[in-house]
Amino acid sequence: AMKKVLSSIVSYNFEPWLDKCLDSLLQSTYPTDIFVVDNASSDNTVARIRQDYPQVILHESGTNLGFGRANNIGFDYAIANEYDAVFLVNQDAWVHPACLQHLMQEDYGSNVGIISPMHYDGTWPSGQSQRWT
């Protein structure tokens, strides 16, 4: 059976990267739900997600919780909703369409708690931000 994966993003003034990041996850060849914890952005992040990405599960934090505590909200949601894995994605990153498929094709066993894709710094193949494959 396919494992249930939650992609979790901590956002703070996410607008410059929002489309590239979310579109890349929506184009994933391996299905993933997307959870965004917004750390009290002062830009239009929340309105843009609500309007353009209604399928994204949005948690609005009234204050900036910081990166660690905000990630824990994503983990809590994943545990409560019986996800098999949480994929932490930085807001300025985007993923190759087959990234999750590659990560999820192996059975890692219960002794493995964390796996990570290769991180590129964006100097190859294009000059913007980072891409995970």
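What counts, and at which threshold
- Residues numbered from 1 in each chain as written.
- Predicted model: local features only at pLDDT ≥ 70, side-chain atom pairs only at ≥ 80, totals over all residues.
- Heavy atoms only, no water.
- Helix = DSSP H or I, 4+ residues; strand = E, 2+ residues; numbered from the N terminus.
- Expected span 1.5 Å × (residues − 1).
- Buried < 20%, exposed > 50% of the residue type's maximum accessible area, 1.4 Å probe, protein only.
- Arc of directions from axis to C-beta.
- Contact = heavy atoms within 4.5 Å.
- Pairing = 2+ DSSP bridges.
- Axes fitted to C-alpha atoms, helices over the stretch in contact; angles between N-to-C directions.
- Core = buried A, V, L, I, M, F, W, Y, C linked by side-chain atoms within 4.5 Å.
- Left-handed = near helix turned anticlockwise from the far one by under 90°.
- Nonpolar A, V, L, I, M, F, W, Y, C, P; charged D, E, K, R; others polar.
- Polar contact = N/O pair within 3.5 Å; in protein donor to acceptor, adjacent residues only side chain to side chain.
- Salt bridge = Lys/Arg side-chain N within 4 Å of Asp/Glu carboxyl O.

(A) Main features of helix α3 (residues 67-80). In this model, α3 (14 residues) spans 20 Å end to end at C-alpha, consistent with the 20 Å of a helix rising 1.5 Å per residue. Listed in full, the buried residues belonging to α3 are A70, N71, I73, G74 and A78. When α3 is viewed along its axis, its buried side chains cluster within an angular range of 145 degrees and face the same direction. In α3, the exposed positions angled more than 90 degrees off the buried face are occupied by R69, D76, I79 and A80. As for α3, its buried residues are in contact with β1 (5-11), β2 (33-39), β3 (57-61) and β4 (85-88).

(B) Highlighting the sheet that holds β3. On the basis of which strands lie adjacent, the open sheet formed by four strands has the order β3-β2-β1-β4 and parallel pairing. Both edges of this open sheet fall to β3 and β4, since each of them pairs with a single strand only. On average, each strand axis in the sheet is inclined to that of its neighbour by 25 degrees, with strand direction left out of account. In this sheet, β3 lies alongside β2 in parallel orientation, the contact comprising five bridges. For N39, the partnering residue across the bridge sits in β3 and is S61.

(C) Representation of the nonpolar core within the structure. Ranked by size, the top nonpolar core spans 21 residues in total, and within it I9, L22, I49 and F87 carry the most contacts. Elements represented by at least two residues in this core include exactly β1, α1 (18-26), β2, β5 (93-95) and α4 (99-104). With sequence-adjacent residues up to four places away left out, I9 is seen in contact with F14, C21, L22, L25, I34, F35, V36, V37, V89 and Q91. In terms of nonpolar packing, the next biggest core, distinct from the first, is built from nine residues, L65, A70, I73 and Y83 among them.

(D) Spotlight on the packing of α1 against helix α2 (residues 45-52). Running from N to C, α1 and α2 cross one another at 40 degrees; their axes reach a closest spacing of 12 Å. Two packed elements cross with a definite hand, and for α1 against α2 that hand is right-handed. Residues L18, D19 and L22 of α1 form the contact with α2, whose own contacting residues are T45, R48 and I49. Partitioning the contact of α1 with α2 into residue classes produces three nonpolar, one polar and two charged.

(E) Here's a closer look at the side chain of S24. Within the secondary structure, S24 sits in helix α1. A distance of 2.8 Å separates a polar atom in the side chain of S24 from the backbone oxygen of C21. Discounting residues that sit within four places of it in the chain, S24 has contacts with D19, W94 and V95.

(F) The arrangement of the pattern of salt bridges in detail. For the structure shown, the criterion picks out three salt bridges. Between R48 and D52 there is a salt bridge; the shortest N-O distance is 2.7 Å. In this pair, R48 and D52 are both assigned in helix α2, four residues apart and thus about one turn of the helix distant. Judged by its relative accessible area of 34%, D52 is partly exposed. Measuring nitrogen to oxygen at the nearest pair gives 2.3 Å for the salt bridge that ties E60 to R50. Of this pair, E60 sits in strand β3 while R50 sits in helix α2, and the two are ten residues apart along the sequence.

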